[in-house]
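Single-letter residue listing:
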Amino acid sequence: ILSQGIHITSNSDVVVYAHIYANARSDATLVLPTQTAGRDYYTMSFTQKVTGSNRQNEFLIIGLEDSTYIDITPTAGTLSGTHSKGVKYTKMLNKGQVYQIQSDSDLTASKIASYGTNTSTCKRIAVFSGSSFTPLGCTSASSGDNLFQQIYPVSAWGKTFVTAPFKTRY
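Residues numbered from 1 in each chain as written. Predicted model: local features only at pLDDT ≥ 70, side-chain atom pairs only at ≥ 80, totals over all residues. Heavy atoms only, no water.

Draft legend 1. Here's a closer look at a nonpolar patch on the surface. Together, V15, Y17, L30, Y42, Y152 and W157 line one region of the surface with nonpolar side chains, adding up to about 660 Å² of accessible area. Considering the arrangement of structural elements, one finds Y152 in the segment after β10 (145–150). (Patch = residues over 30% accessible without salt bridge, like charges linked within 9 Å, V, L, I, M, F, W, Y side chains within 5 Å. Areas by Shrake-Rupley, 256 points an atom, 1.4 Å probe, with all protein chains shown as cover. Salt bridge = Lys/Arg side-chain N within 4 Å of Asp/Glu carboxyl O. Helix = DSSP H or I, 4+ residues; strand = E, 2+ residues; numbered from the N terminus.)

Draft legend 2. The arrangement of the sheet that holds strand β6 (residues 89–93) in detail. If you walk across this open sheet you meet the four strands as β3-β8-β5-β6, and the pairing is antiparallel. The two strands at the open ends of the sheet, each matched to only one other strand, are β3 (40–42) and β6. The sheet shows a mean angle of 20° between the axes of neighbouring strands, taken without regard to direction. Bridge analysis of strand β5 (residues 68–73) against β6 gives five bridges, and the strand direction is antiparallel. When the bridges of β6 are listed, T68 appears paired with L93. (Pairing = 2+ DSSP bridges. Axes fitted to C-alpha atoms, helices over the stretch in contact; angles between N-to-C directions.)

Draft legend 3. Summary view of the sheet that holds strand β9 (residues 125–134). As summarised here, the arrangement of the four strands in space is β7-β4-β9-β10, forming an open sheet in which the pairing is antiparallel. Among the strands making up the open sheet, the edge pair consists of β7 (98–103) and β10. Mean inter-strand twist for the sheet, computed between neighbouring axes without regard to direction, equals 15°. The sheet contact formed by β9 and β10 spans five bridges and is antiparallel.

Draft legend 4. Main features of the nonpolar core. In terms of nonpolar packing, the biggest core is built from 16 residues, with I61 and I112 touching the most fellow members. Looking at this core, the elements that each hand over two or more residues are β4 (57–63), β5, β6, β7 and β9. Those residues in contact with I61 that lie beyond four places of it in its chain are I70, I72, L93, Q97, V98, Y99, I112, I125, A126 and V127. Among the nonpolar cores identified, the runner-up in size contains five residues, and I62, V98, A126 and F148 belong to it. (Core = buried A, V, L, I, M, F, W, Y, C linked by side-chain atoms within 4.5 Å. Buried < 20%, exposed > 50% of the residue type's maximum accessible area, 1.4 Å probe, protein only. Contact = heavy atoms within 4.5 Å.)

Draft legend 5. Expanded view of the pattern of salt bridges. Applying the stated criterion across every chain yields a total of two salt bridges. D40 is the partner of K111 in a salt bridge, and the nearest nitrogen-oxygen pair spans 3.7 Å. Residue K111 is located in strand β8 (residues 111–115), and its partner D40 is located in strand β3; the two are separated by 71 residues in the primary sequence. Of the residues examined, D40 reaches a relative accessible area of 33% and is grouped as partly exposed.

Have a look at this one:
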């Protein structure tokens with residue numbers, strides 16, 4: 001847990017992006033206003049081409065208020081070996097604190113949910129997730145790109161979707 005969250009305020013309308021880069025790879029995400037933050041999330045990442053240094057799937061959680069209690073259920077074991085696949089554990093974050101998890105395995109669908117206690121209410125959080133080195137369907141490529149996205153809370157999900165099939169993709 002690090003106190004490295006950034007809080008931006010403005011008297012005018014602004015659009016904020018976060019950009020991540022490493023070597024010849026980069027990606028960006030639209031940063032959502034805190035009013036759109038939720039309490040329940042599922043992460044998204046992508047299977048890495050190979051494992052190794054700086055090639056992990058990851059997610060991070062940002063506390064938006066003090067004493068925010070969060071249940072985390074990773075879909076893969078963590079890089080540190082501290083947490084196992086499918087085993088729920090709890091962390092407490094204060095405003096501006098960031099908690100990051102990394103894994104050599106895909107972390108897609110890891111569940112993150114804040115909850116209330118006898119002395120605190122259920123508070124909103126922000127969640128980002130992605131992968132640091134992905135071939136994105138090109139298995140013969142000698143390089144990969146990172147993926148980085150702020151995740152929308154479950155409360156923002158719709159119930160009707162439209163998709164367009166790709167001729168060569170399943």
